[in-house]
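# Structural features, examined
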Amino acid sequence: SSTNPNLQNIPIRTARGREVRKAFVAEEGKVLISADYSQIELRILAHISEDKGLIEAFKKDQDIHTATASEIFNCSPEEVNAELRRQAKAVNFGIAYGQGVFGLADTLGIARAESKAIIERYFDRFPGVKDYMEKVVHSAYENGYVETLFGRRINLIDYQSRNPMVKNYAFRQAINAPIQGSAADLIRLAMIKINDEITENKKLQLKMLLQIHDELIFETPVFQKTVVEKTISKAMVSVSQSDKHKFSIPLEVNINTGYNWEEAH
């Protein structure tokens, strides 16, 4: 979290919010650069679950929501319309957050029977994800904690609660924490890597301003924009190919530049 000011919750989805973003400007002669990982949590889910279908979709650089919709609705990618993709997107992120039948039904505004059928088809097409979820919940129950890909431990204090709602929430945490926690680890490793690049290359005029979840904000002179973008992208991707932990799928980094924060998003 951040306070005074709370820069992590500056709005972006509304027209009014985007106007607020325009108030954050680069110094004269400089630009802001926004760099964020593309669909990082779903990529981590694919890697951590070792699901062949998800891994193949990312390796082929397919739109993951369209690919998922094609699988669970049994149609070709060309037949996936906006509504089917919207439902598949809700399923993808819902699964990553341990969402069940009731949660998905509420999100999509559909009957629970339909929600149940969609989740069953998802697990049928992506069995590695189901196996991962079962294993991590069992591990959480046995040990009282889960770990990120980099070995950071997240304790689950409510996993033995007698209250079913509290206990179920703890197990949803068990599913999501290794994914979300690994994403947090990656962005911190990326920050260290980029800082090392700045320290080693004295000609690189790059200032790291802010981290918001999977996004990093920088400021750099206009004339160095191109080389800085390449440096940031290379560093952020490289942390997933370290000796300690090598990802089975490539990570992608979205980079945008502008004279204010709204332009750079």
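As a starting point, this report considers the structure included with it.

The rules we used
Residues numbered from 1 in each chain as written. Predicted model: local features only at pLDDT ≥ 70, side-chain atom pairs only at ≥ 80, totals over all residues. Heavy atoms only, no water. Helix = DSSP H or I, 4+ residues; strand = E, 2+ residues; numbered from the N terminus. Contact = heavy atoms within 4.5 Å. Salt bridge = Lys/Arg side-chain N within 4 Å of Asp/Glu carboxyl O. Buried < 20%, exposed > 50% of the residue type's maximum accessible area, 1.4 Å probe, protein only. Core = buried A, V, L, I, M, F, W, Y, C linked by side-chain atoms within 4.5 Å.

What follows concerns the environment of Phe123. Mapping Phe123 onto the fold places it in helix H7 (residues 112–125). Separated by 104 residues in sequence, Phe123 and Val227 have C-alpha atoms that sit 43 Å apart. Discounting chain neighbours no more than four positions away, the residues touching Phe123 are Ile95, Val129, Lys130 and Met133.

Another aspect to go through is the pattern of salt bridges. As enumerated under the stated definition, the model contains 11 salt bridges in all. In this structure, Lys116 engages Glu120 in a salt bridge whose closest nitrogen and oxygen atoms are separated by 2.5 Å. Here the residue Lys116 and the residue Glu120 both occupy positions in helix H7, the gap between them amounting to 4 residues, near one helical turn. The exposure class assigned to Glu120 is partly exposed, which follows from its relative accessible area of 44%. Salt bridges here are not isolated pairs; linked through shared partners, they connect Glu71, Asp124 and Arg125.

Here Gln39, not a glycine, exhibits a phi torsion of approximately 50 degrees, which is positive. A positive phi angle is found at Asn74, which is not glycine, with a value near 55 degrees. Residue position: Asn74 is located in the loop between helix H4 (64–72) and helix H5 (82–96).

Turning our attention to the nonpolar core. In this structure, Tyr37, Tyr122, Val129, Leu186, Ile194, Ile232 and Met236 are the most contacted members of the largest nonpolar core, which totals 69 residues. The greatest single-element share of this core, amounting to 12 residues, is contributed by helix H9 (residues 164–200). Setting aside chain neighbours within four positions, we find Val129 in contact with Leu45, Ser49, Asp51, Leu54, Ile95, Tyr122 and Phe123. The next biggest cluster of nonpolar side chains, apart from the first, holds 8 residues, and it includes Leu32, Ile217, Trp261 and Ala264.

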